[in-house]
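Now for the letters of each chain:
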Amino acid sequence: MLNISEIQTIKHDVIVIGAGGAGLRAAIECSAQGLNTGIVCKSLLGKAHTVMAEGGLAAAMGNVNPHDNWKIHFRDTMRGGKFLNQWRMAELHAKEAPARVRELEEWGAVFDRTKDGLINQRNFGGHRYPRLVHVGDRTGLELIRTLQDHGIHQGIEVHMECTALDLLKDGDRVAGVVAYWRETGRFVIFQAKAVILATGGACKAWSINSNSWEYTGDGLAMAYRAGGELMDVEFVQFHPTGMVWPPSVRGTLVTEAVRGDGGILLNNKGKRFMFGYIPEKFAPETADTEEEANRWLKGDTSARRPPELLTRDVVARAIKKEVEEGRGSPHGGVFLDIANRLPADRIKKQLPSMYHQFKELAGLDITKEPMEVGPTAHYWMGGIRVDSDTQETRVPGLFACGECAAGLHGANRLGGNSLSDLVVFGRRAGLGAKAYISKLSNTPKTDAGQIQSIVKGATDILNRESGKNPYLIHEDLQNTMQKYVGILRIEEELQTGLVELERLKKDTASVKAHGTSQFNPGWSEAIDLRNLLICAEAVNRAALERQESRGGHSRLDYPGERDEGLTFNVIISKGNDGMNVRKEPRKDPPKELASMAYATLEALEGRHGS
Amino acid sequence: MAPKRKFRVWRGQGTEGRFEEYEVAVDPGMVVLDVLHRIQAERVNDLAVRWNCKAGKCGSCAMEINGKPKLSCMTRMDTFKGNEPITIQPMKTFDVIKDLVTDVRWNYEQNKRIPNLKPKPRDPDGHYRMAQKSIDRIQEFRKCIECFLCQDVCHVLRDQDKKDKFVGPRFMHRLANLEMHPLDTVDRIPAIRRDFGSGMCNITKCCSEVCPESIAITDNAIIPLKERVVSRYYDPVLWILRKIFGPKKTKSCGCSK
């Protein structure tokens, strides 16, 4: 039996798991609040998926259009989320995002400027006004590097290439986490009074996705196993524009900024098809002719927005339909044209990394030819259920923020609302942890039995004589989810998906990793698979439960939004024998917020909020 | 059936290791990282390689391919003509942890030594104002994805192993970013000379040549920093330096990078 005393132990007041935008911002806040703070990340610092965010960070600063204010941002967010968002989170987010942007600027972020020297803001899908603070099309890199360069001077201890395995508990409370160092394969116990999860989503469960190897839902699964709840997980965002060719880059993100800056979607007949897919609800605010859409692009405030900038769920479904009905591009996508919309030098200036990406990876010059794009699994709207103000989960001392937390985005996330989510709620999670720790009367104790079983679960994978190849199980899982729990869902296929997932769970129970524990990607893959399977099953079960189509969740057998759908959130939790699924009734929103969300634009414009 | 191609991949831990040969089917559009993933999935599950974004945006998968420092996710297989085996090895400047993974922690320690931005007060209306023109040059440095390929080829670090004397090109342009920031109030010139080793760089420009983001590290960061140091400490010498190095571009050192 393993001797626990031989395992390295590191003590912190708070340990943050994940070092993307949310984790870094949370750690910075914890440290600012005087807490001894550690942060662990699976990769090197600064490599998290936040670097892939391209278009920008949404904040109603009103630098480009002075009519913008937090109320309109709030309204856009609720409408984009099909009113299933947590009202309070959408309110806090819209109110606090501008302050978080100013703070980033003080910490060294260098955003693109307007002619007057202010922070510039660009148009994006679902946002009424130019609202996205940006740096060309590499805003995520700017965000993460700024937080990194600031954070390393704040006394935070960074534990790089360290993977969290499972949470430790003392009774109901969280007491720390067991992890392993990638380099040596040795285990480490982080003892902490509070744990903040900032581990991102789990889109690695689909074969066509925009995520890196890290996005296996570790935080979601750890919270689930520790007694936390998952909410709204049926809502997975398929970003409408991922690369479709060559096969090796299928799924890689093509920023929405291409459309924000004037790019249009065309089918193989050369038709600008989005005009045929404008939902009734958005018709009053969407252009119905190319002429009007072009006027809007030139800044004509009397014109309405082009339909390419409808919310992502709408655009993704439209593309899928065009392809299915035989109007797709040669490699199974549609065309995204910027070449005929902007001069080459402006494309290179405004979308440099897109230019580079297509040139290098697809041998295509986007200043001359249209891109081929199609939907790619991109983002989890749902996640760990948290308190709107403090980000605390149902497990005392356990907090979650960023993509792994649920609530802000409802049924669909607006582009640009992710980066702002990270900094607004990363900070709030830090404040929440501080408040929790201040009230603790004693330090939670770690339990040797729990540690032993976590370690054994990981080493068994290496020690068993034989077993299935983790890479092949992962591929199998991805194909299963793509086929049965994809963009368009139907009862029969979802049921088949569940049966397939049971088979995959059995395979994973006997997965075998070859080699030693030192920097062994096969072993990591096998460990992460366990988390990914929980996430996949949660999506599948929640998708069965929600019998309507709303935002990122589309049921062929239940088309359209149903009034009943607005009355509940789907909650997943761990039961004694498997996964529990239930509908949690939604509370009525505060009157003031409800009237704001349903108000006309005219009523909100020009009336700057507090 | 996709055509097969031979690869020689460095395998080993620490100072011990050897090249192993693998024959791998190469599909159209594949990059070197895809080949490594295929080897990993089908042959050696524990082959150690770092990667994240697979789109040239995170800088994780830096390595030396046929002797050239590159991002493996941005190196397309169809750029290799002929049928010679392709050699893949870890960055030479850093110690090998395992296979293609090196110990790059030293870089993170250097960043920690650099004092961050300390901005001047805001305008009375709460804004900072900066002309786009005045930030274009620092935005160039901020494109850096920290792949550390520039550190890998820097002669001071790679051949002379003077990591105790010079922070390397990545952090010279980080310093330039801060020094040229219109809002910054910190004076780093003494430290740039004394602690960060601006005098060590002999302007061979190898760093600029390998930068996947095409940052003109030498011309736009290191030389201006050297000039600032010189004008502070050895003003009379400034004109000689300019005579030697500028404004004409200096020649490449002729190394294989």
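Residues numbered from 1 in each chain as written. Chains lettered and ligands numbered in written order. Predicted model: local features only at pLDDT ≥ 70, side-chain atom pairs only at ≥ 80, totals over all residues. Heavy atoms only, no water.

All names here are of chain B. Secondary-structure assignment places Thr87 in strand S5 (residues 86-89). Exposure remark for Thr87: the relative accessible area of 12% places this residue in the buried category. Sequence-wise, Thr87 and Phe7 are 80 residues apart; in three dimensions their C-alpha atoms are separated by 5.9 Å. Setting aside chain neighbours within four positions, we find Thr87 in contact with Arg8, Phe19, Glu64, Ile65 and Asn66. Polar contacts involving the side chain of Thr87 include one to the side chain of Arg8, which spans 3.0 Å. (Helix = DSSP H or I, 4+ residues; strand = E, 2+ residues; numbered from the N terminus. Buried < 20%, exposed > 50% of the residue type's maximum accessible area, 1.4 Å probe, protein only. Contact = heavy atoms within 4.5 Å. Polar contact = N/O pair within 3.5 Å; in protein donor to acceptor, adjacent residues only side chain to side chain.)

All names here are of chain A. Grouped together as the largest cluster of nonpolar side chains are 269 residues, with contacts concentrated most on Phe74, Phe190, Ile196, Leu197, Trp206, Met371 and Trp380. Of all the elements, helix H15 (residues 521-545) adds the most residues to this core, at 14 residues. Setting aside residues up to four positions removed in sequence, Trp380 forms contacts with Gly201, Ala202, Cys203, Trp206, Leu220, Val233, Phe235, Val236, Glu403, Cys535 and Val539. Among the nonpolar cores identified, the runner-up in size contains 5 residues, and Leu84, Phe235, Tyr379 and Met381 belong to it. (Core = buried A, V, L, I, M, F, W, Y, C linked by side-chain atoms within 4.5 Å.)

Residue and element names in this part refer to chain B. Domains assigned within chain B are domain 1 (4-102) and domain 2 (105-245). Domain 1 and domain 2 are separated by 30 Å when their C-alpha centres are compared. Residue-level contacts link 14 residues of domain 1 with 17 residues of domain 2. Interface of domain 1 and domain 2: buried area, both sides summed, is about 1,200 Å²; carbon and sulfur atoms make up 59% of it. Contact with domain 2 buries area across many residues of domain 1, yet Pro69, Thr93 and Phe94 alone supply 46% of it, more than any other trio. (Domains from an automatic or database assignment. Buried area = accessible area lost by both parts, 1.4 Å probe.)

This part is about the packing of helix H3 (residues 87-106) of chain A against helix H11 (residues 417-439) of chain A. Residue and element names in this part refer to chain A. For the pair H3 and H11, interaxial distance at closest approach is 8 Å and the crossing angle is 90°. Looking at the two axes, H3 sits roughly perpendicular to H11. Where H3 approaches H11, its residues Met89, Leu92, His93, Glu96, Ala97, Arg100 and Leu104 are matched on the opposing element by Asn417, Ser420, Asp421, Val423, Val424, Phe425, Arg427 and Arg428. Taken together, the residues of the contact of H3 with H11 sort by class into 7 nonpolar, 3 polar and 5 charged. (Axes fitted to C-alpha atoms, helices over the stretch in contact; angles between N-to-C directions. Parallel < 35°, antiparallel > 145°, perpendicular 65-115°, else oblique. Nonpolar A, V, L, I, M, F, W, Y, C, P; charged D, E, K, R; others polar.)

The next thing to look at is the packing of aromatic side chains. All chains considered together, the criterion is met by 12 aromatic pairs over all chains. On the numbers, 6.3 Å between centres and 85° between planes, the contact of Phe187 of chain A with Trp523 of chain A is edge-to-face. A residue pair is termed long-range when its members are at least 10 positions apart, and Phe187 of chain A in strand S10 (residues 187-191) and Trp523 of chain A in helix H15 qualify at 336 residues. Ring centres of Trp206 of chain A and Phe238 of chain A lie 6.0 Å apart, and the angle between their planes is 85°; this geometry places the pair in the edge-to-face category. Remark: Phe238 of chain A occurs in strand S13 (residues 236-243) and Trp206 of chain A occurs in the loop between strand S11 (194-197) and helix H5 (218-225); sequence separation between them is 32 residues. Take Trp206 of chain A and Phe238 of chain A: they sit in the same class, and that class is buried. Members of the aromatic cluster, connected to one another through ring pairs, are Trp70, Phe74 and Trp87 of chain A. Just above the ring of Phe282 of chain A sits the side chain of Arg79 of chain A; from NZ or CZ to the centre is 5.1 Å. A cation sits over an aromatic face here: Arg8 of chain B above Phe19 of chain B, 4.4 Å from the ring centre. (Phe/Tyr/Trp six-rings, centres within 6.5 Å; stacked < 30°, edge-to-face > 60°. Lys NZ or Arg CZ within 6 Å of the ring centre and 35° of its normal.)

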